[in-house]
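So you can see what is in the structure, the chains are spelled out below.
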Amino acid sequence: PTSAQVSAVPQAGRFRYTLDNDVLTTAQRQFYEDNGYLLVKKLVSDEDIERFRKEFVRICKREVKPPGAMIMKNESLRSQYGQSEKVVNKVQDFQEDEELFRYCTLPEVLRYVECFTGPNIMAMHTMLINKLPDSDKQTFLHPMHQDLHYFPFRPADLIVCAWTAMERADQDNGCLIVQPGTHKEPLKPHDYPKWEGKTNKLFHGLIDEDEKTPRVHLVMEKGDTVFFHPLLIHGSGINKTSGFRKSISCHFASSECYYIDVKNTTQEHLEKELIEMVHKRYNTTSVELKDIWNFRARLVQGERINL
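Everything quoted here is computed from the prediction, not taken from an experiment.

### A word on the sheet that holds strand E5 (residues 142-145)
The sheet built from 4 strands is open, its strands ordered E5-E13-E8-E11 with antiparallel pairing. Where the open sheet ends on each side, the last strands, each with one partner, are E5 and strand E11 (216-217). With 3 bridges joining them, strand E8 (residues 176-178) and strand E13 (residues 234-236) adopt antiparallel strand pairing. When the bridges of E13 are listed, Leu176 appears paired with Ser236.

### Section: the side chain of His251
Topologically, His251 is positioned in strand E14 (residues 245-254). Residue His251 is classed as buried on the basis of its relative accessible area of 4%. Reaching out from His251, the side chain makes a polar contact with the side chain of Asp147 at a distance of 2.8 Å.

### Concerning the state of the cysteines
In this structure the tally under the stated criterion is 0 disulfides. Free cysteine Cys104: the closest other cysteine sulfur is in Cys250, separated by 3.7 Å. In this structure Cys250 comes out as buried when scored by relative accessible area, which is 0%.

### Some thoughts on the packing of aromatic side chains
Applying the stated criterion across every chain yields a total of 9 aromatic pairs. Between the aromatic rings of Phe31 and Tyr37, the centroid separation amounts to 5.3 Å while the plane-to-plane angle is 90 degrees, which identifies the pairing as edge-to-face. The class of Phe31 is partly exposed, set by a relative accessible area of 34%. Here Tyr37 falls in the buried class, since its relative accessible area comes to 7%. Ring geometry for Tyr112 against Phe227: centres 5.5 Å apart, planes inclined by 25 degrees, an arrangement best described as stacked. Taken together, the residues Tyr112 in helix H5 (residues 107-117) and Phe227 in strand E12 (residues 225-228) connect sequence positions 115 residues apart. The exposure class assigned to Tyr112 is buried, which follows from its relative accessible area of 10%. According to the relative accessible area criterion, Phe227 is buried, its value standing at 0%. Pairwise contacts between aromatic rings join Tyr32, Tyr112, Phe116 and Phe227 into one cluster. Across the ring face of Trp293, the terminal group of Arg296 is positioned such that the distance to the ring centre comes to 4.5 Å. Here the guanidinium or amino end of Arg298 rests over the ring plane of Phe101, the centre of that ring lying 4.0 Å away.

### Some thoughts on helix H1 (residues 26-35)
By the burial criterion, the buried members of H1 are Arg29, Gln30, Tyr32, Glu33 and Asn35. Of the surrounding secondary structure, the elements contacted by the buried residues of H1 are strand E1 (37-40), H5, strand E7 (159-165) and E12. Backbone geometry just downstream of H1 places Gly36 in the positive-phi region, at approximately 85 degrees.

### Looking at the environment of Tyr17
Structurally, Tyr17 is set in the segment before H1. Note: C-alpha distance between Tyr17 and Thr117 (100 residues apart in sequence) is 9.4 Å. In contact with Tyr17, other than residues within four places in its own chain, are Tyr32, Glu33, Phe116, Asp157, His183, Lys184 and His229.

### Focus: the confidence of the model for the protein chain
For the protein chain, the mean per-residue pLDDT works out to 87, and 87% of the residues sit at or above 70. Predicted confidence is poor over residues 1-10, with pLDDT under 50, and the contacts of this stretch with residues over four places away or in other chains come to 6 contacts.

Conventions and cut-offs
- Residues numbered from 1 in each chain as written.
- Predicted model: local features only at pLDDT ≥ 70, side-chain atom pairs only at ≥ 80, totals over all residues.
- Heavy atoms only, no water.
- Pairing = 2+ DSSP bridges.
- Helix = DSSP H or I, 4+ residues; strand = E, 2+ residues; numbered from the N terminus.
- Buried < 20%, exposed > 50% of the residue type's maximum accessible area, 1.4 Å probe, protein only.
- Polar contact = N/O pair within 3.5 Å; in protein donor to acceptor, adjacent residues only side chain to side chain.
- Disulfide = S-S within 2.5 Å.
- Phe/Tyr/Trp six-rings, centres within 6.5 Å; stacked < 30°, edge-to-face > 60°.
- Lys NZ or Arg CZ within 6 Å of the ring centre and 35° of its normal.
- Contact = heavy atoms within 4.5 Å.
- pLDDT = per-residue confidence, 0-100.

Below you can see the structure in the form of structure tokens.
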């Protein structure tokens, strides 16, 4: 609407979600302010992406075992394909794998990250997603959600996700779907979707999803990178092709962010689920949510203050 048009002259205090810098144009800042995401074309080189791909294959074959990494597989495919990339749909928490962690330290990525977090930057949550070809069961559909649901630290405006396509991502192979402008809304209650046989561990989704909110399918080429706010409602569709749709991502936060207590909030049930998983996996007796995130977090730039 014409009444909402703004002049191209920056005004003090006009921007809430981006910091003053000389990296983003006024138009880019305004787009992120309005929509909660910003797509930067061809940001990561083919050479870097091929290195990440090779390391992912080595992890799938168990030639490399990064400490603390969670490797999520579709067990039903293992008998058919054994230890291979055709079985692994996600490598999470790769912060101790020096080759994959290079993604979080790429100067071209951090240059943009700093526009949202400021100079003291922590890598908080790392993932390489390998969206497998899907059956009618739609196993790898990720319900619409807000990433802040998973994070016990604030403020939300100093957190940003960088998500890079490792090959073309489109509607056929399950690209990201975003609901522009939803980053201005509060954190909503999440839970497992009521889909018969289609839920993945920790893939929570919005309980009350507004089907009428406009959606944008983010078609991306290899190396394209989208930066988005942790309250932006997003998800991804199924991969209807015979290939694999890979992406690599990191949630960055200012080290000035601080941990919050999620008891008596919509995030409390997630805390219980995560702690139970860690108990089972590491046979620990007492662990808190903050401990889990301290283990995942790694400084990438500046100084470590709170996180």
